[in-house]
Amino acid sequence: MSDNGGRDVPGKGLLDGLAVTFKTMTKRSTTQQYPDVEPDLPPRSRGVIALSEENCTVCMLCARECPDWCIYIDSHKEEVVVPGAARARQRNVLDRFDIDFSLCMYCGICIEVCPFDALHWTPEFEYAETDVLSLLHDKDRLGEWMRTVPPPPAHDVLGEPSKEEATAARKAAGPGAATAAKTARPSSVRAAPPATAARAVPKPPGDAASPEQAP
Ligand code: SF4
Ligand code: SF4
């Protein structure tokens, strides 16, 4: 008996192929006629990276962690005079922030490591170019993508407020409420259960060797 799944039967492969063809012919096509019909992408698709320039502190973390070395950052320092401060402070000013999308592999590490939410994914994907050099997006172009960033998901209604929300709520409530709010226990923190050591443990009757009954 043949153990090759019936491949020796003449014409079986042809019939199998025709069966698949006829089965597919009776089904509705799922091909999307792009660009006439826009693809229905999930809102968190990795299309292009947007830069919120005002959030960037030029910490260089994203450029250092990028495995493809396709983020280019230049900056200079600027003195900021703070009224009442003993001396002027310094801050970094961003001169150049480019991402080369011809090298980017869309891993998202730069977005993950940015501590200031300056980089965001947007589902926008229509930025193909005929010249590969045009895939280098500067900070102005990266900033333009910000308008396509979807809004963040809503907070969990059962979750605790963030540190920033709690601080804002305290400030809004006034100085007296601020002290009370600091000492108040969050509603989601349950009271600790009674210590297990204080629980009465039933002893077996006639247990003379028990240390509690010893003189
Ligand atoms: S997505 Fe990855 S490869 Fe692209 S710029 Fe960010 S870290 Fe680099
Ligand atoms: S990690 Fe964020 S804040 Fe730091 S340089 Fe990159 S984009 Fe700017």
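All figures in this text were calculated on a predicted structure; none of them were measured in a lab.

## Section: the site of ligand 1
Now for step 1: In the vicinity of ligand 1 there are 13 residues, among which C66, C104, C107, I109 and C110 approach most closely.
Now for step 2: In terms of residue class, the shell around ligand 1 is built from 11 nonpolar, one polar and one charged.

## A look at the site of ligand 2
Now for step 1: Not every one of the 13 residues close to ligand 2 is listed here, only the nearest: C56, C59, C62, C114 and A118.
Now for step 2: Of the residues assigned to the shell around ligand 2, the class counts are 12 nonpolar, one polar and no charged.

## Notes on the UniProt feature "binding site: [4Fe-4S] cluster 1" (unreviewed entry) in the protein
Now for step 1: When the UniProt feature table is mapped onto this chain numbering, "binding site: [4Fe-4S] cluster 1" (unreviewed entry) sits at C56, C59, C62 and C114. Despite a sequence span of 59 residues, these residues sit close together in the fold, their greatest C-alpha distance being 10.5 Å.
Now for step 2: For C62, a count of 23 C-beta atoms within 10 Å gives the class buried.
Now for step 3: Ignoring anything within four residues of it in the chain, the contact list for C62 reads I71, C110, V113, C114 and L119.
Now for step 4: Classification of C114 as buried rests on a count of 20 C-beta atoms within 10 Å.
Now for step 5: Here C114 is in contact with L61, C62 and L119, once residues within four sequence places are set aside.

## Describing the UniProt feature "binding site: [4Fe-4S] cluster 2" (unreviewed entry) in the protein
Now for step 1: With numbering matched to this structure, UniProt assigns "binding site: [4Fe-4S] cluster 2" (unreviewed entry) to C66, C104, C107 and C110. These annotated residues cover 45 residues of sequence, and their C-alpha atoms lie no more than 10.5 Å from one another, placing them together at a single site.
Now for step 2: Along the polypeptide, C66 turns up in the loop between α2 (61–65) and β2 (71–80).
Now for step 3: Excluding anything up to four places from it in sequence, C66 contacts I71, I109 and C110.
Now for step 4: As for its placement among the helices and strands, C110 is situated in helix α3 (residues 109–113).
Now for step 5: We classify C110 as buried; it has 22 C-beta atoms within 10 Å.

## Observations regarding unusual backbone geometry
Now for step 1: With an omega dihedral of 10°, the bond running from Y34 to P35 counts as a cis peptide bond.
Now for step 2: At M60, a position not held by glycine, the phi torsion is positive, near 75°.
Now for step 3: Relative to the helices and strands, M60 resides in the loop between β1 (48–51) and α2.
Now for step 4: Of note in this structure, D117 is not a glycine but carries a positive phi near 55°.
Now for step 5: In this structure, D117 sits in the loop between α3 and β4 (119–122).

## Re the nonpolar core
When a protein is soluble and globular, its nonpolar side chains tend to lie buried together.
Now for step 1: Ranked by size, the top nonpolar core spans 18 residues in total, and within it I49, A50, L51, C62, C110, L119 and L142 carry the most contacts.
Now for step 2: Listing elements by their share of this core, those giving two or more residues are β1, β3 (89–100) and β4.
Now for step 3: Here the element with the most residues in this core is β1; it accounts for four residues.

## What about the environment of T122?
Now for step 1: With respect to the helices and strands, the residue T122 is situated in strand β4.
Now for step 2: Classification of T122 as partly exposed rests on a count of 19 C-beta atoms within 10 Å.
Now for step 3: Distance in space between the C-alpha atoms of T122 and R46 is 6.2 Å, their sequence separation being 76 residues.
Now for step 4: Apart from residues no more than four positions distant in its own chain, T122 is found in contact with G47, V48, A50, W145, T148 and V149.

## A word on the pairing of β2
Along any regular strand the residues' side chains alternate between the sheet's two faces.
Now for step 1: Within β2, only one of the 10 residues are buried, which leaves it mostly out in the open.
Now for step 2: Pairing of β2 with β3, which is carried by 10 bridges, proceeds in the antiparallel orientation. Pairing of H76 across the sheet is with V93, part of β3.

Basis of the calculations
- Residues numbered from 1 in each chain as written.
- Chains lettered and ligands numbered in written order.
- Predicted model: local features only at pLDDT ≥ 70, side-chain atom pairs only at ≥ 80, totals over all residues.
- Near = placed C-beta within 6 Å.
- Nonpolar A, V, L, I, M, F, W, Y, C, P; charged D, E, K, R; others polar.
- UniProt positions renumbered as here; feature names shortened; annotations may be inferred.
- Buried ≥ 20, exposed ≤ 12 C-beta atoms within 10 Å, placed from the backbone.
- Contact = placed C-beta atoms within 7 Å.
- Helix = DSSP H or I, 4+ residues; strand = E, 2+ residues; numbered from the N terminus.
- Core = buried A, V, L, I, M, F, W, Y, C linked by C-beta atoms within 7 Å.
- Pairing = 2+ DSSP bridges.

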